[in-house]
Amino acid sequence: MHEAPPPTNSPSPAPAPVPASSAVPAEPLSHGLKQRHLTMLGLGGVIGAGLFVGSGAGIAVAGPAIVVSYLIAGALAMLVMRMLGEMSAAMPASGSFSVHAERALGRWAGFSVGWLYWFLLVVVLAVEATAAAQIAHGWVPGIEPWAWVLLFMVVFTAANLTAVKNFGEFEFWFASLKVGAIVVFLVLGLLAVFGWLPDTDPVGMTNLTGQGGFLPNGWGGVVSGVLTVVFAFGGLEVVTIAAAETDDPARAVGRAVRSAVVRILFFYVGSMLVIVTVLPWTAQQAGLSPYVKVLDAIGVPSAGQIMNIVVFVALLSALNANLYGSSRMIFSLAERGEAPRGLLKVSGGGSRETTGGVPRRAVLASVAFGFVSVLLNLLWPDTVFLYMLNSVGAVLLFVWALIAASQLRLRARLEQEAPEALSLRMWCFPYLTWVTLAGLFGVLLLMLTDEAARPQVLWSAGATALVLLVAVGRQWRERRGPAVADR
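Every value quoted in this text rests on a predicted model; they were computed, and no experiment measured them.

Trainee: How do you make sense of the overall build of the protein when you look at a structure like this?
Mentor: Summing up its helical and strand segments, the protein has 19 helices and zero strands in all. Dimensions of the protein along its principal axes, counting C-alpha atoms only, are 85 × 55 × 45 Å. When each of the 487 residues of the protein is scored for burial, the buried share is 55%. Of the accessible surface of the protein, which amounts to about 19,100 Å², a share of 67% is contributed by carbon and sulfur atoms.

Structure representation (structure tokens):
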């Protein structure tokens, strides 16, 4: 839901009243996404390299209790997704939580969360492109990694420039492969636990209680595990951004959220339970895929190459989704006067006033900064790019906190002004919303006490403070404008 921004010579208005969802103006974007695209995007959007490879670091610090770490981190992500789903079903918009923050807290909040999230996506995009290029270079050493990066960026830029259904189809099949890989892994793992595979004996529960017990490093290990794995759940937000480009956004996002949250938790927690049951937790190493170790242990041939393919697809999927999400976010910012209005141009010769199309200039703006990020990653990975990466390291938690704060305000207003728009409701409101906020701030505080994570919090806080300063400065100039004109 977007309205024309107020003139720059008028004071910044208070948050607008919330209309019923039926009164939301139509987005000037196409409605090429289907329910199957959105559902699979919700399921596969968070299944990435963080799970397939990064989970090894979590197991190394928490032991079998990594299952508890994933339950805690997954519960936080699930609650945030439910809140976001509630607001998106009532007020679907291409800017999603940026629009919700603006309506709930003011223009400064919408500006800040929108630009922070855009910056997060285009920086992380560089990590994904570079990692995928390294895998491809291992398969075809004759082609340099930079050439692979260029190829990936060109292919996915072209896909995002043509039609939103192309993005949807890419993500549908990418997510299907990832979900299928998880399901096969769970089945093979369960067969190994019960000794139903050829030439295997039942594993039983020995590995859950041996090597120091279920909590070998105590609850401190569980907390460290949460800090390691919580960011793996980032990516769910793109579902609510994409919902605006479906035929029935309110219904589509509600169904996608309902089907995604529990299944994702099942995939993550189920995978970890299989891993720490089949093999001793001491067999895992940070930086190495625990999935490969399990598949090797149960005799799956070429397990390493199979997982390389899955991780490669996961990285390309995340790259594609981040390019899509960043382009729609900056397009939404432009709609509200928070980004250059030249980005409002859509395909077919249209602009904001036309219906249908792809925001090609927004796509190109996002991929252009993505290319800059990739170059910085290739040229100065341990200096300039490391600082950029640290500056977005904790931004996801800030975004989630603003989502929760926005939901607190909007839910109360919706119940008064448009209760019929609440087709999807947050559980136990407002208590679980406050619990979520407390949990997010708890994670941030724990990161400050962790020597490895502390730079991410400090740099991210600095980036957030800078964006907030710009947002407040913009509002101050707008309020000052009429006073200067009256002199």
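Trainee: I tried to follow helix 15 (residues 360–379) on my own but got confused; where do I start?
Mentor: Taking 1.5 Å of rise per residue, the 20 residues of helix 15 would be expected to cover 28 Å, and the 28 Å separating its terminal C-alpha atoms lies within 8% of that figure. Along helix 15, the residues that are buried comprise Ala-362, Val-363, Ser-366, Val-367, Gly-370, Ser-373, Val-374, Leu-376 and Asn-377. The elements touched by buried residues of helix 15 are helix 6 (107–139), helix 7 (145–162), helix 14 (303–335) and helix 16 (384–391).

Trainee: Help me understand unusual backbone geometry, please; the structure alone is not making it clear to me.
Mentor: Phi is mostly negative for residues that are not glycine, and the peptide bonds are mostly trans. A cis amide bond links Phe-429 with the next residue in sequence, Pro-430, at an omega value of 0°. Looking at where Pro-430 falls in the secondary structure, it is placed in the loop between helix 17 (395–417) and helix 18 (431–449). Backbone geometry places Gln-211, a non-glycine residue, at a positive phi of 50°. Along the chain, Gln-211 turns up in the loop between helix 9 (206–209) and helix 10 (218–229). Residue Gln-211 is classed as partly exposed on the basis of its relative accessible area, which comes to 38%. Of note, the phi angle at Ser-302 is positive, near 55°, even though the residue is not glycine.

Trainee: Please explain the environment of Gly-195 as it appears in this structure.
Mentor: In this structure, Gly-195 sits in the loop between helix 8 (164–193) and helix 9. Residues within four places of Gly-195 in sequence aside, it is in contact with Thr-200, Asp-201 and Pro-202.

Trainee: Explain the packing of helix 6 against helix 15 to me, please; I cannot follow it from the model alone.
Mentor: Working note: a packed helix pair is described by the angle between its axes plus the distance between those axes. Closest axis-to-axis distance for the helix 6/helix 15 pair is 8 Å, and the angle between their directions is 50°. Comparing their axes, helix 15 and helix 6 come out oblique. Relative to helix 15, helix 6 is oriented so that their crossing is right-handed. In this structure, helix 6 contributes Trp-118, Phe-119, Val-122, Val-123, Leu-125, Ala-126, Val-127, Ala-129 and Thr-130 to the contact, and helix 15 contributes Ala-365, Ser-366, Phe-369, Gly-370, Ser-373, Val-374, Asn-377 and Leu-378. Here the residues of the contact of helix 6 with helix 15 are counted per class, giving 12 nonpolar, five polar and no charged.

Trainee: When you look at the pattern of salt bridges in this model, what are you seeing that I'm missing?
Mentor: When the charged atoms of two side chains with opposite charge come close together, those side chains can pair. For the coordinates displayed, the defined rule picks out eight salt bridges. For the salt bridge of Arg-336 with Glu-102, the shortest nitrogen-to-oxygen distance reads 3.0 Å. Taken together, the residues span a long stretch of sequence, with Arg-336 in the loop between helix 14 and helix 15 and Glu-102 in helix 5 (residues 97–105) at a distance of 234 residues. A salt bridge links Glu-245 to Arg-328; the shortest N-O distance between them is 2.8 Å. Taken together, the positions of Glu-245 in the loop between helix 11 (237–242) and helix 12 (249–278) and Arg-328 in helix 14 put the pair 83 residues apart, joining distant regions of the chain.

Trainee: Would you take a moment to explain the packing of aromatic side chains for this structure?
Mentor: Each aromatic ring pair is specified by the distance between its two centres and by the angle formed by the two planes. This structure, assessed with the given rule, holds 21 aromatic pairs. Centre to centre, the rings of Phe-111 and Trp-115 are 6.4 Å apart; their planes meet at 55°, and the pair counts as tilted. Remark: Trp-115 and Phe-111 occur in helix 6; sequence separation between them is four residues, near one turn of the helix. On the basis of relative accessible area, Phe-111 is assigned to the buried category, the value being 7%. A centroid spacing of 5.1 Å and a plane angle of 65° characterise the contact between Trp-139 and Phe-312, whose relative ring orientation is edge-to-face. With a gap of 173 residues between them, Trp-139 in helix 6 and Phe-312 in helix 14 connect regions that are remote in the sequence. In this structure Trp-139 comes out as partly exposed when scored by relative accessible area, which is 34%. By the ring-pair criterion, three or more aromatic residues cluster together here, those being Phe-111, Trp-115, Trp-118, Phe-119 and Phe-369.

Parameters and conventions
- Residues numbered from 1 in each chain as written.
- Predicted model: local features only at pLDDT ≥ 70, side-chain atom pairs only at ≥ 80, totals over all residues.
- Heavy atoms only, no water.
- Helix = DSSP H or I, 4+ residues; strand = E, 2+ residues; numbered from the N terminus.
- Buried < 20%, exposed > 50% of the residue type's maximum accessible area, 1.4 Å probe, protein only.
- Areas by Shrake-Rupley, 256 points an atom, 1.4 Å probe, with all protein chains shown as cover.
- Expected span 1.5 Å × (residues − 1).
- Contact = heavy atoms within 4.5 Å.
- Axes fitted to C-alpha atoms, helices over the stretch in contact; angles between N-to-C directions.
- Parallel < 35°, antiparallel > 145°, perpendicular 65-115°, else oblique.
- Left-handed = near helix turned anticlockwise from the far one by under 90°.
- Nonpolar A, V, L, I, M, F, W, Y, C, P; charged D, E, K, R; others polar.
- Salt bridge = Lys/Arg side-chain N within 4 Å of Asp/Glu carboxyl O.
- Phe/Tyr/Trp six-rings, centres within 6.5 Å; stacked < 30°, edge-to-face > 60°.

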